[in-house]
Amino acid sequence: KVAGLWASNRLSRDDASLAKEVRKTLTNLGPTFVKFGQILSVREDVLGPVWSQELAKLQDSVEVFGGLEAFDMAMAAASDEEEKLIGSRLVEFGPNPVAVASIAQVHRGKWRQDENDEFLHDVAIKILRPNVVDQ
């Protein structure tokens, strides 16, 4: 729809509802398309302020994906050896992300350096969004 309007020079730089629809579509298409929208958002000279402001939401309004489900997804993707290491060293996983982006999100955690370590180290655990590797 947007390509057709653009090609025929009928794309309105002030069409807020279409800009919102495109932002949602880019989000649904996945991280690669979100990155494309983020890049476009800084080109107000090309898109106009309405489109630029709407696409800028892709910069800082990315939705959280599962809390504990994110950890479960990461563990499912881990090899048996990695899963065993993580299971023996990771003492705590914060279900609420401290940072969310188009490719991944970051959670807090507590980690033992080795099995005999009594001191717990604060760690950041970065978990890729589902299907990022596939894209």
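Please refer to the structure placed before this passage.
Residues numbered from 1 in each chain as written. Predicted model: local features only at pLDDT ≥ 70, side-chain atom pairs only at ≥ 80, totals over all residues. Heavy atoms only, no water.

Participant: What's the story with the overall build of the chain in this structure? I'm lost.
Facilitator: Counting its secondary structure elements, the chain contains seven helices and four strands. Written out in order from the N terminus, the α and β elements of the chain read α-α-α-α-α-α-α-β-β-β-β. Each principal axis of the C-alpha distribution contributes one length, and for the chain these read about 65 × 25 × 20 Å. Across the 135 residues in the chain, those meeting the buried criterion constitute 29%. (Helix = DSSP H or I, 4+ residues; strand = E, 2+ residues; numbered from the N terminus. Buried < 20%, exposed > 50% of the residue type's maximum accessible area, 1.4 Å probe, protein only.)

Participant: It is not clear to me how the packing of helix 3 (residues 31-41) against helix 5 (residues 49-60) should be interpreted in this structure. Could you clarify?
Facilitator: The angle between the axes and the distance between the axes are what describe a pair of packed helices. With their axes 8 Å apart at the nearest point, helix 3 and helix 5 run at an angle of 130° to one another. Our classification of the angle between helix 3 and helix 5 gives oblique. Regarding helix 3 and helix 5, the two cross each other, and that crossing is left-handed. In contact with Val34, Gly37, Gln38, Leu40 and Ser41 of helix 3, helix 5 contributes Ser52, Leu55, Ala56, Leu58 and Gln59. Along the lines of polarity and charge, the residues of the contact of helix 3 with helix 5 split into five nonpolar, five polar and no charged. (Axes fitted to C-alpha atoms, helices over the stretch in contact; angles between N-to-C directions. Parallel < 35°, antiparallel > 145°, perpendicular 65-115°, else oblique. Left-handed = near helix turned anticlockwise from the far one by under 90°. Contact = heavy atoms within 4.5 Å. Nonpolar A, V, L, I, M, F, W, Y, C, P; charged D, E, K, R; others polar.)

Participant: Sorry if this is basic, but what is going on with the pairing of strand 3 (residues 104-111) here?
Facilitator: On a regular strand, one side chain projects to one face of the sheet and the next to the other, so that they alternate. In this sheet, strand 3 lies alongside strand 1 (residues 90-93) in antiparallel orientation, the contact comprising three bridges. Bridge pairing links phenylalanine 93 to glycine 109 in strand 3. Strand direction decides the pairing type here: strand 2 (residues 99-100) and strand 3, joined by two bridges, are antiparallel. Each bridged residue has a counterpart across the sheet, and for valine 100 the counterpart in strand 3 is glutamine 105. Counting the residues between successive antiparallel strands, the hairpin from strand 2 to strand 3 contains three residues. Pairing of strand 3 with strand 4 (residues 121-128), which is carried by eight bridges, proceeds in the antiparallel orientation. (Pairing = 2+ DSSP bridges.)

Participant: I tried to follow the environment of alanine 70 on my own but got confused; where do I start?
Facilitator: Within the secondary structure, alanine 70 is located in helix 6 (residues 68-77). The exposure class assigned to alanine 70 is buried, which follows from its relative accessible area of 0%. With residues near it in sequence (within four places) discarded, alanine 70 still touches Phe65, Gln105, His107 and Ile127.

Participant: Hey, could you run me through the pattern of salt bridges in this one?
Facilitator: Two side chains of opposite charge can pair, provided their charged atoms sit close to one another. Tallying each qualifying case throughout the model produces four salt bridges. Ionic pairing is found between arginine 23 and glutamate 54, a salt bridge with its closest N-O pair at 2.4 Å. Highlighted residues: arginine 23 in helix 2 (residues 16-29) and glutamate 54 in helix 5, separated in sequence by 31 residues. Glutamate 54 shares its class with arginine 23; the two are buried. In this structure, aspartate 45 and arginine 43 form a salt bridge, with 2.6 Å as the shortest nitrogen-oxygen distance. By relative accessible area, aspartate 45 is classed as exposed at 52%. Through salt bridges with shared partners, a single ionic network connects Arg23, Glu54 and Lys57. (Salt bridge = Lys/Arg side-chain N within 4 Å of Asp/Glu carboxyl O.)

Participant: Looking at this structure, I do not really get the nonpolar core. What am I missing?
Facilitator: One broad trend across soluble globular proteins is that nonpolar side chains are buried collectively. Judged by nonpolar contacts, Leu11, Leu18, Ala19, Val22, Leu26, Val34, Leu47, Trp51, Leu55 and Leu58 together constitute the single largest core of ten residues. Secondary-structure elements contributing two or more residues to this core are helix 2 and helix 5. With four residues, the top contributor of residues to this core is helix 2. The next biggest cluster of nonpolar side chains, apart from the first, holds six residues, and it includes Phe65, Ala70, Phe93 and Ile125. (Core = buried A, V, L, I, M, F, W, Y, C linked by side-chain atoms within 4.5 Å.)

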